[in-house]
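# Tertiary structure, described
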Amino acid sequence: MREIPFRITEVSEKEGRKSIQVIRDDKLLFGFGTKLRKLQGFLKFLSTENIKEVVLFGSLHGNYLASFSTVLYVSGIITHVFGYSRNRSLNSANRILIKNHSHNLHSFNSSKEMFQELANFNFLSGFKHKSNSNTYIMPEFGFHSSSMSGLLELWNQLEVCQPSNNKTIILEVGSGLTFLSALIFYARTETIVCGVCVGESKESFVSKIPGLLSGLGFRSDHIAKYMLVDPSGSHTFGKVTKKDILLQKEYHKKTNILFEPIYSLKTWELLSNNAHFISDLPEPWIYLHQGGQLNHLNISEVF
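Calculation notes
Residues numbered from 1 in each chain as written. Predicted model: local features only at pLDDT ≥ 70, side-chain atom pairs only at ≥ 80, totals over all residues. Heavy atoms only, no water. Helix = DSSP H or I, 4+ residues; strand = E, 2+ residues; numbered from the N terminus. Expected span 1.5 Å × (residues − 1). Buried < 20%, exposed > 50% of the residue type's maximum accessible area, 1.4 Å probe, protein only. Contact = heavy atoms within 4.5 Å. Pairing = 2+ DSSP bridges. Axes fitted to C-alpha atoms, helices over the stretch in contact; angles between N-to-C directions. Polar contact = N/O pair within 3.5 Å; in protein donor to acceptor, adjacent residues only side chain to side chain. Parallel < 35°, antiparallel > 145°, perpendicular 65-115°, else oblique. Left-handed = near helix turned anticlockwise from the far one by under 90°. Salt bridge = Lys/Arg side-chain N within 4 Å of Asp/Glu carboxyl O.

### A word on helix H1 (residues 35-48)
Given 3.6 residues per turn, any residue in an α-helix points the same way as the ones three and four places further on. Taking 1.5 Å of rise per residue, the 14 residues of H1 would be expected to cover 20 Å, and the 20 Å separating its terminal C-alpha atoms lies within 8% of that figure. For H1, the set of buried residues is Leu36, Arg37, Lys38, Leu39, Gln40, Gly41, Phe42, Leu43 and Leu46. Lining the buried residues of H1 we find strand S3 (53-59), helix H2 (63-74), strand S6 (135-137), helix H6 (148-161) and helix H7 (177-185). Positioned one or two residues after H1, Asn50 has a phi angle of 55 degrees, which is positive.

Shown next as structure tokens:
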């Protein structure tokens, strides 16, 4: 995979308000965003280990399966996908990409059914015991230590652009890998990493941090200063409301940036309406837009 470009835009919605710099990973291929950086490291791992086949699993409408299946497929990796969807008739953009970029697609009605099949050794034995191939089952959400190298390069690119030990980085926590990469990269600096917990509570994720870091080969006492915040208002994770669509249009008009409604819209709403929560944090304030908008273009009326 070629070097991934780094783009950053300065945004100020209101006159007199301090600006926020936005890392524009949403402009990367198909809006795959920061997941392309994870794939950069994972592809190196596959090449080093001479792995020719990969098993992926997750939501058939998720950004993770869409980005990983597409890039692995076009990179010549035989890709087996186990995916679930509670609505089997829904053909989202991500699902279409997954269908067209997998050598074998196994669909299920629920995550429970999918995990039952994954746990069935006989079902996977054909993958595990081929004498002429080496197959790897990717951990959920692509949470793999090899993905860390591409993410660390992102922060290195930021330092070339913004060489300072004193800044605030804002991003959604999600699976946690990108957030943890920032904690690792900015250890022993005055930079503060601010994670917005969308889909998981602060308390739940905090309890996981030591174990997640240990699994990646890092220690929890050698990380950057951080804070975790919840999105403003009450939200049902994964549900898109009319209010979300109106906000999406409003923010696009103000910033010329499309914030998808599940993650980035929640963060930008927080920054727009409750900017006081970062007012005492070091500047510059830098938000990482991780992409993921492709699956939501059908509900967007901003173009």
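### Things to note about unusual backbone geometry
The peptide bond linking Glu283 to Pro284 adopts the cis configuration, its omega dihedral lying at 0 degrees. By secondary structure assignment, the location of Pro284 is in the loop between helix H10 (264-273) and strand S10 (285-289). Of note in this structure, Phe30 is not a glycine but carries a positive phi near 55 degrees. Examined against the element boundaries, Phe30 turns out to sit in the loop between strand S2 (20-24) and H1.

### Notes on the sheet that holds strand S8 (residues 192-196)
Pairing within the open sheet is mixed, and its 6 strands lie in the order S1-S2-S10-S7-S8-S9. Because the sheet does not close on itself, it has two edges, and the strands there are strand S1 (8-11) and strand S9 (225-229). Going from strand to strand, the sheet's axes swing by 25 degrees on average, the running direction of each strand aside.

### Quick look at the side chain of Ser147
Within the secondary structure, Ser147 is located in the loop between S6 and H6. Classification of Ser147 by relative accessible area gives buried; the value is 0%. Among the polar contacts made by the side chain of Ser147, one reaches the main-chain carbonyl oxygen of Lys38 at a distance of 3.3 Å. Those residues in contact with Ser147 that sit more than four places away from it in its chain are Arg37, Lys38, Phe42, Met138, Gly142 and Leu177.

### Some details on the packing of H2 against helix H3 (residues 93-100)
For any two helices packed against each other, one specifies the crossing angle of their axes together with the interaxial distance. Contact geometry for H2 and H3: axes closest at 8 Å, N-to-C directions at 30 degrees. Relative to H3, the element H2 is oriented roughly parallel. Crossing hand, H2 versus H3: left-handed. Between H2 and H3, the residues in contact are Asn63, Leu65, Ala66, Ser69, Thr70 and Tyr73 and Asn94, Leu97, Ile98 and Asn100, respectively.

### Observations concerning the pattern of salt bridges
Tallied over the entire structure, the rule returns 9 salt bridges. Salt-bridge contacts for Lys266 lead to Asp244; the nearest nitrogen and oxygen are separated by 3.8 Å. Of this pair, Lys266 sits in helix H10 while Asp244 sits in helix H9 (residues 242-255), and the two are 22 residues apart along the sequence. According to the relative accessible area criterion, Lys266 is buried, its value standing at 5%. Judged by relative accessible area, which is 4%, Asp244 ranks as buried.

### So, the sheet that holds strand S4 (residues 78-84)
Taken together, 4 strands build an open sheet; the order of strands is S5-S4-S3-S6 and the sheet is parallel. If you trace the sheet from one side to the other, it starts and ends with strand S5 (104-108) and S6, each paired once. Ignoring which end each strand starts from, the neighbouring axes of this sheet average 15 degrees apart.

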